[in-house]
Amino acid sequence: MNAGNCKNALILILLFIVPMQLILTGCQKTLPAPSMQPESNSFQRPVIALVLGGGAARGFAHIGVIRVLEQEKIPIQMIVGTSIGSLIGAIYADCQNSFELEWMTHDVKEDDFFDFSVWNSLMGPFEGDKIEEFIQKSVKAKRIEELKIHYAAIATDLHRGKKVILKSGPVATAVRASCAIPGLFHPVQIGNQLLSDGGIVDNVPVDVAKEMGADIVIAVDISRDVEKGEISNFVVVTIQAISIMAREIGKCQADKADILIAPEVGKINSMDFDNKKECIKAGIDAATAAIPSIKETIARWHQTYPSPAQY
């Protein structure tokens, strides 16, 4: 081959083969992200996610919802939670038993979460250490990756004003960050992120569950009704204000769920840790009413995808 032919061949390589390589590489980068389910062949579709919203003490309604789903054998393979939803969700993702979950939270009182600190109150009057200690005591798994159900907690990066999805690392730290109500609890430093309550940006994180590979999302919204009795101190004022904000932020996301469960807990004070039974009953009632729709949605999914694939 003479010099001219070599030169032409080189030009063809540069014009055709190299661009094709780039195109193929580009195509690989634009493919949909694989499902972020645990690496296990035992998971079958549809992947059903349970999204648990924030709402302080009203979050005990989540226990009632979980009990009904468990009794009806609805397979929950993913839990995404914000604030109290992250706390309840983490315990259940570890124990997978609604009665054990209720037993663990039966004697929980306001003082078990609110640890007043007069010496270090620049970032808020409550440290948040008690929340972390409660999770460390209640959850056997120390890291999110070790939980039995795929799990994520939602927090807010105060420096950047962005949502942070905590799906790896220490369980207790993730829950503490997700529950750190701004103005009350100290924010949590994780790496270069200063994290606070996830309800600031995404109180009912349906979008996160779908991004993580959920086929069907069951969302529990406990912030729809924020009716309140006496507003008597700065703690209640702050929580009420956050509840109103979270309700407005959460409406859009919650309505994107395949199934939306909204327990009637609006008349229960967000700081009323003594009304757990009423909250749990409200969750049971709301979930029971939703069961026909849930089963219909699952059946419809199987009709649409008649050969379920395994992960």
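First things first, this report covers the structure right here in the doc.

With the rule as written, the count across this model stands at one cavity of 30 Å³ or more. Space inside the largest cavity adds up to approximately 290 Å³. Listed by contribution, the elements that provide at least two residues to the lining of the largest cavity are helix 3 (84–95) and helix 8 (234–254). Its residues assigned to classes, the lining of the largest cavity comprises 15 nonpolar, seven polar and one charged.

Turning to its location among the elements, Lys167 is positioned in the loop between strand 4 (162–166) and helix 6 (171–178). The partly exposed category is assigned to Lys167, whose relative accessible area is 30%.

Before going further, it helps to examine the environment of Glu102. If you trace the backbone, Glu102 turns up in helix 4 (residues 98–105). Sequence-distant contacts of Glu102, that is, excluding residues within four places in its chain, are made with Ile63, Arg67 and Ile280.

Our next topic: helix 9 (residues 276–304). Given 3.6 residues per helical turn, the α-helix brings residues three or four places apart onto the same face. Under the 1.5 Å per step criterion, the end-to-end length of helix 9 is 40 Å for 29 residues, consistent within 8% with the ideal 42 Å. Along helix 9, the largest kink reaches about 40° and is centred on Ile291; proline Pro292 follows within four residues of it.

A few words now on the layout of surface pockets. The space that makes up the largest pocket amounts to roughly 300 Å³. In terms of lining residues, the largest pocket is bounded by Trp103, Met104, His106, Asp107, Val108, Asp111, Asp112, Lys130, Glu133, Phe134, Lys137 and Ser138. Per-element accounting of the lining of the largest pocket gives the leading share, five residues, to helix 5 (residues 129–138). Taken together, the residues of the lining of the largest pocket break down into four nonpolar, two polar and six charged.

Across the five residues of strand 6 (residues 193–197), four count as buried, placing the element largely inside the fold. With three bridges connecting them, strand 5 (residues 188–190) and strand 6 associate as antiparallel partners. Bridging across to strand 6, Gln189 finds its partner in Leu194. Where strand 5 folds back on strand 6, the antiparallel hairpin that results is connected by two residues, among which Gly191 adopts a positive phi of roughly 65°.

Before going further, it helps to spend a moment on the packing of helix 2 (residues 61–71) against helix 3. In the contact formed by helix 2 and helix 3, the axes pass within 10 Å of each other and the chain directions differ by 35°. As for the relative orientation of helix 2 and helix 3, their crossing is right-handed in sense. Judged by residue contacts, His62, Ile63, Ile66 and Glu70 of helix 2 engage Gly85, Ile88 and Tyr92 from helix 3.

So, about the pattern of salt bridges. Two side chains with opposite charge may pair up if their charged atoms get near one another. Counting across every chain of the model gives 11 salt bridges. Here Arg143 makes a salt bridge to Glu145, at a shortest N to O gap of 3.3 Å. Of the charged contacts, one joins Asp285 and Lys281 as a salt bridge, the two residues approaching to 2.8 Å between their closest N and O atoms. Of this pair, Asp285 and Lys281 both sit in helix 9, four residues apart, roughly one helical turn. Assessed through its relative accessible area of 39%, Asp285 is described here as partly exposed. Here the residues in one salt-bridge network are Asp129, Glu132 and Arg176, joined through shared partners.

With that out of the way, let us pick up the nonpolar core. Grouped together as the largest cluster of nonpolar side chains are 75 residues, with contacts concentrated most on Leu87, Ile218, Ile261 and Ile294. Sequence-distant contacts of Ile294, that is, excluding residues within four places in its chain, are made with Leu69, Ile74, Ile218, Ile259 and Ile261. Counting 17 residues, the second-largest nonpolar core is a separate cluster that includes Met78, Ile154, Ala209 and Ala219.

Attention now goes to unusual backbone geometry. Located in the positive-phi region is Ala56, a residue other than glycine, with phi close to 55°. Its place among the elements puts Ala56 in the loop between strand 1 (48–52) and helix 2. Residue classification places Ala56 among the buried residues on the basis of a relative accessible area of 19%. Non-glycine residue Gln96 carries a positive phi angle of around 55°. One can find Gln96 in the loop between helix 3 and helix 4.

On to the pairing of strand 1. Among the five residues that make up strand 1, five are buried, leaving the element largely enclosed by the rest of the structure. Covered by surrounding structure in strand 1 are Ile48, Leu50 and Leu52 together with Ala49 and Val51, the residues of both alternating faces. Of the strand pairs in this sheet, strand 1 and strand 7 (residues 216–220) are connected by five bridges, and their pairing is parallel. When the sheet's bridge partners are listed, Ala49 is paired in strand 7 with Val217. Running through helix 2, the crossover from strand 1 to the neighbouring parallel element strand 2 (residues 78–82) is right-handed.

All right, on to the packing of aromatic side chains then. Tallied over the full model, the rule gives seven aromatic pairs. Ring centres 6.1 Å apart and planes at 80° place the aromatic pair Phe60 and Phe273 in the edge-to-face group. Of the two residues, Phe60 sits in the loop between strand 1 and helix 2 while Phe273 sits in the loop between strand 8 (259–261) and helix 9, which places them 213 residues apart along the sequence. For the residue pair Phe60 and Phe273, the accessibility class agrees, reading buried in each case. Centroid distance Phe113 to Phe134: 5.4 Å. Interplanar angle 85°. Geometry classified as edge-to-face. Pair noted here: Phe113 is in the loop between helix 4 and helix 5 and Phe134 is in helix 5, with a separation of 21 residues, a long-range link.

How each quantity is defined
- Residues numbered from 1 in each chain as written.
- Predicted model: local features only at pLDDT ≥ 70, side-chain atom pairs only at ≥ 80, totals over all residues.
- Heavy atoms only, no water.
- 1 Å grid on protein atoms, 1.4 Å probe; cavity = no way out; pocket = protein on both sides within 12 Å on 5 of 7 lines; lining within 4 Å.
- Points joined across faces, edges and corners; volume = space filled by probe spheres on them.
- Helix = DSSP H or I, 4+ residues; strand = E, 2+ residues; numbered from the N terminus.
- Nonpolar A, V, L, I, M, F, W, Y, C, P; charged D, E, K, R; others polar.
- Buried < 20%, exposed > 50% of the residue type's maximum accessible area, 1.4 Å probe, protein only.
- Contact = heavy atoms within 4.5 Å.
- Expected span 1.5 Å × (residues − 1).
- Bend = angle between axes of the 7 residues up to and from the residue.
- Pairing = 2+ DSSP bridges.
- Axes fitted to C-alpha atoms, helices over the stretch in contact; angles between N-to-C directions.
- Left-handed = near helix turned anticlockwise from the far one by under 90°.
- Salt bridge = Lys/Arg side-chain N within 4 Å of Asp/Glu carboxyl O.
- Core = buried A, V, L, I, M, F, W, Y, C linked by side-chain atoms within 4.5 Å.
- Right-handed = clockwise from strand over helix to strand, strands pointing away.
- Phe/Tyr/Trp six-rings, centres within 6.5 Å; stacked < 30°, edge-to-face > 60°.

These values are about where atoms sit, not about what they do.
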